[in-house]
Amino acid sequence: MKPQSIPIHINAKKEDIAEIVILPGDPLRAKYIADKFLKDVKQVTDVRNMLGFTGYYKKKRITVMGSGMGMPSCGIYAFELFYYYNVQKIIRIGTCGVSHESVEIPEIILADKVYTESSFAFSYNGYKENVVIPSMDLVNRIYETAKVKKLKIHKGTLMTTDVFGPYVDDDALMARVPKDLTILGEEMESFGLIHIANSFNREAAVIVTAVDSKFSNVIVTPEDRQTSLDNMIGLALDSIV
């Protein structure tokens, strides 16, 4: 089935979307980023309140918009951004649960591969593998930028699930992961984004902040959480200017 001639879930004009997109899950986080980090900002889409904004960061034109929760929602926006708006790069920024004791709250994880047991990619275009690789050029740029900014960052494997981790038997979930993979964190969107980007031969990368952990009783204050998220946002933006 061929997609229709205009997007269904984004009502921006083609020229209103930049070639580079920062993609948080929460549309209100997209608004926060636009208000705090971008200049000359214009709201460009609001279908289903999935807000999107285009502005400038250090003279670089950037769009930031929400993707919702889960691969189906993220996949819709990734597809439409690549297919209808000719977006070239997407960086997902989000949060995750910790799956390995080396990661502390609220540290940042940069994915160099993403694993899932979902059938999302097979349903999308028959892809049968359970691992996808992001744009390593983009990953390396983010990693080097983190070093310049003196941010502690973990580079490794994320797992994308179809369910919210705290609501399921996490031990059973992790027991099914192939033994040659070390999962640093789990979340719900990244595999879908990376697979669709790879299918379009475009660039995508993922950075997430660890916000909860079965290995720790650390309670992050709202102020510390916001600082950590701002560090991640700044890292994403500085990596593409």
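Residues numbered from 1 in each chain as written. Predicted model: local features only at pLDDT ≥ 70, side-chain atom pairs only at ≥ 80, totals over all residues. Heavy atoms only, no water.

**Q** Lay out the layout of surface pockets in plain terms, naming residues and giving numbers.
**A** By volume, the largest pocket is sized at about 590 Å³. Taken together, the elements giving at least two residues each to the lining of the largest pocket come down to β5 (89-98), β9 (183-187) and β10 (203-213). With 7 residues, the single largest contributor to the lining of the largest pocket is β5. Among the residues making up the lining of the largest pocket, the classes are represented as 9 nonpolar, 9 polar and 10 charged. As for the second largest pocket, its lining consists of M1, K2, P3, Q4, I8, H9, G75, I76, F79, E80, Y84 and Y124. If you tally residues by element for the lining of the second largest pocket, the top one is helix α2 (residues 71-85), at 5 residues. (1 Å grid on protein atoms, 1.4 Å probe; cavity = no way out; pocket = protein on both sides within 12 Å on 5 of 7 lines; lining within 4 Å. Points joined across faces, edges and corners; volume = space filled by probe spheres on them. Helix = DSSP H or I, 4+ residues; strand = E, 2+ residues; numbered from the N terminus. Nonpolar A, V, L, I, M, F, W, Y, C, P; charged D, E, K, R; others polar.)

**Q** Before we move on, can you summarise the pairing of β5 with the specific residues and values?
**A** Most of β5 is tucked away, with 9 of its 10 residues classed as buried. The pairing of strand β1 (residues 20-24) with β5 spans 5 bridges and is parallel. Opposite V21, over in β5, you have I90 as the bridge partner. Direction of pairing for β5 relative to β10: parallel, over a ladder of 10 bridges. Each bridged residue has a counterpart across the sheet, and for G97 the counterpart in β10 is D212. (Buried < 20%, exposed > 50% of the residue type's maximum accessible area, 1.4 Å probe, protein only. Pairing = 2+ DSSP bridges.)

**Q** Quick one: what's the story with the packing of helix α1 (residues 27-37) against helix α7 (residues 222-238), residue by residue and with numbers?
**A** Relative orientation of the contacting elements α1 and α7 amounts to 70 degrees, with a least axis distance of 12 Å. Taken together, α1 and α7 sit at an angle that is classed as roughly perpendicular. Listed contacts from α7 to R29, Y32, I33, K36 and F37 of α1 are R225, Q226, L229, D230, I233 and L237. For the contact of α1 with α7, the per-class residue count stands at 6 nonpolar, 1 polar and 4 charged. (Axes fitted to C-alpha atoms, helices over the stretch in contact; angles between N-to-C directions. Parallel < 35°, antiparallel > 145°, perpendicular 65-115°, else oblique. Contact = heavy atoms within 4.5 Å.)

**Q** Any chance you could break down the packing of α2 against helix α6 (residues 190-200) for me, citing the residues and the numbers?
**A** At a minimum axis separation of 8 Å, α2 and α6 run at an interaxial angle of 25 degrees. When the axis of α2 is compared with that of α6, the two are roughly parallel. For the crossing formed where α2 meets α6, the hand is right-handed. Two secondary-structure elements touch here, α2 through M71, C74, G75, A78, F79, F82 and Y83 and α6 through F191, G192, L193, I196, A197 and F200. Here the contact of α2 with α6 is built from residues that sort into 11 nonpolar, 2 polar and no charged. (Left-handed = near helix turned anticlockwise from the far one by under 90°.)

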